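Here is how the chains run, residue by residue.
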Amino acid sequence: MDTVLLHPAYFGPVSQYAVIAQYEKIVFENFDSYQKQTHRNRMYIYDANGKLLLNIPIKHKSSLTGAESDGRQLYKEVLIDNSFEWQKQHWRALKASYQTSPFFEFYEDELIYLYEDQFSHLMDFNYRCQAFVFDALGIEPEIKKSEEFFRIPKGMDNGRHLISAKKDFNFLSDRYPQVFETKHQFINNLSILDLIFNLGPQSLEFLERQNLPDFNF
């Protein structure tokens, strides 16, 4: 198949962008229920102490209604909790981790706007992050957004499980230079930003030659 169904993510992992780089058409799921501990609101980067989690705080449904709730809400309805200075914290972490990488300064001026402008909805912010990545990779894939929830997707491969932050789904990328590799060794499947800041224009070629993660989940 040449079409894959995915979730928009917060600067998703290398594995997800290897899929995007190797499929002709991408359908993004817009009608699923929000789930915790996923790349919807978290990414992992490489800092001086190793693997670092950056998490976007969200407003939970129960706090919005003021009443008991089963906690379920649609991903597209999830609001970011901007009462926390998460953008400032994430930007500081990115700069501290990657300012000595080969290509951070090249992308810095475009990236910083995502951490200065305020966004209300998590999904909207993630689509903006995705647009930055597409531009950095130099790709314009054919994209559609779902208009309903596909319980059993037809005519496309189902890559929605790749949004999970708990597993790598047997994805092991080729090694590439990382800023703190001599201190902590190579760390697999970090945020796509780790790849872009270290490989720059070579990132797309790298993604295109990777073995893809398992789809049998």
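Residues numbered from 1 in each chain as written. Predicted model: local features only at pLDDT ≥ 70, side-chain atom pairs only at ≥ 80, totals over all residues. Heavy atoms only, no water.

## Some remarks on the pairing of strand β2 (residues 25-28)
If a strand is regular, its side chains alternate between the two faces of the sheet. Across four bridges, strand β1 (residues 3-6) lies against β2 in parallel orientation. In the strand pairing of β2, T3 is matched with K25. As judged from the four bridges shared by β2 and strand β7 (residues 142-145), these two strands associate in the parallel manner. When the sheet's bridge partners are listed, V27 is paired in β7 with K144. (Pairing = 2+ DSSP bridges. Helix = DSSP H or I, 4+ residues; strand = E, 2+ residues; numbered from the N terminus.)

## Describing the sheet that holds β2
If you walk across this open sheet you meet the four strands as β7-β2-β1-β8, and the pairing is parallel. Both outer strands of the open sheet, β7 and β8 (157-158), are each paired with one neighbouring strand and no more. Its contacts with the sheet put helix α1 (residues 14-22) on β1 and β2, and the angle it makes with β1 is roughly 150 degrees. (Contact = heavy atoms within 4.5 Å. Axes fitted to C-alpha atoms, helices over the stretch in contact; angles between N-to-C directions.)

## What to know about the pattern of salt bridges
With the rule as written, the count across this model stands at six salt bridges. Salt-bridge contacts for K88 lead to E85; the nearest nitrogen and oxygen are separated by 3.8 Å. Take K88: its relative accessible area is 40%, and that puts it in the partly exposed class. Across the salt bridge formed by R175 and E181, the nearest N and O atoms sit 2.6 Å from each other. For R175, a relative accessible area of 58% corresponds to the exposed category. (Salt bridge = Lys/Arg side-chain N within 4 Å of Asp/Glu carboxyl O. Buried < 20%, exposed > 50% of the residue type's maximum accessible area, 1.4 Å probe, protein only.)

## With respect to the pairing of β1
Both faces of β1 are covered, namely the face carrying T3 and L5 and the face carrying V4 and L6. The parallel pair β1 and β2 is bridged by α1, and the resulting crossover is right-handed. Bridge analysis of β1 against β8 gives two bridges, and the strand direction is parallel. Residue pairing across strands places V4 opposite D157, the latter belonging to β8. (Right-handed = clockwise from strand over helix to strand, strands pointing away.)

## Focus: the environment of D124
If you trace the backbone, D124 turns up in helix α5 (residues 122-137). You can call D124 partly exposed: its relative accessible area is 44%. Note: C-alpha distance between D124 and V78 (46 residues apart in sequence) is 9.8 Å.

## Some words on a negative patch on the surface
A cluster of acidic side chains, namely D109, E110, D135 and E140, defines a negative patch on the protein surface. Its relative accessible area of 46% is what places E110 among the partly exposed residues. (Patch = residues over 30% accessible without salt bridge, like charges linked within 9 Å, V, L, I, M, F, W, Y side chains within 5 Å. Areas by Shrake-Rupley, 256 points an atom, 1.4 Å probe, with all protein chains shown as cover. Lys, Arg positive; Asp, Glu negative; His and termini not counted. Charge placed at Lys NZ, Arg CZ, Asp CG, Glu CD.)

## A closer look at α5
Along its 16 residues, α5 runs 23 Å from first to last C-alpha, staying within 8% of the 22 Å computed at 1.5 Å per residue. Here α5 lies mainly inside the structure; 12 of its 16 residues are buried. Where α5 is concerned, the buried positions are L122, M123, F125, N126, Y127, C129, Q130, F132, V133, F134, A136 and L137. Once α5 finishes, G138 follows within two positions and takes phi at roughly 75 degrees, a positive value. (Expected span 1.5 Å × (residues − 1).)

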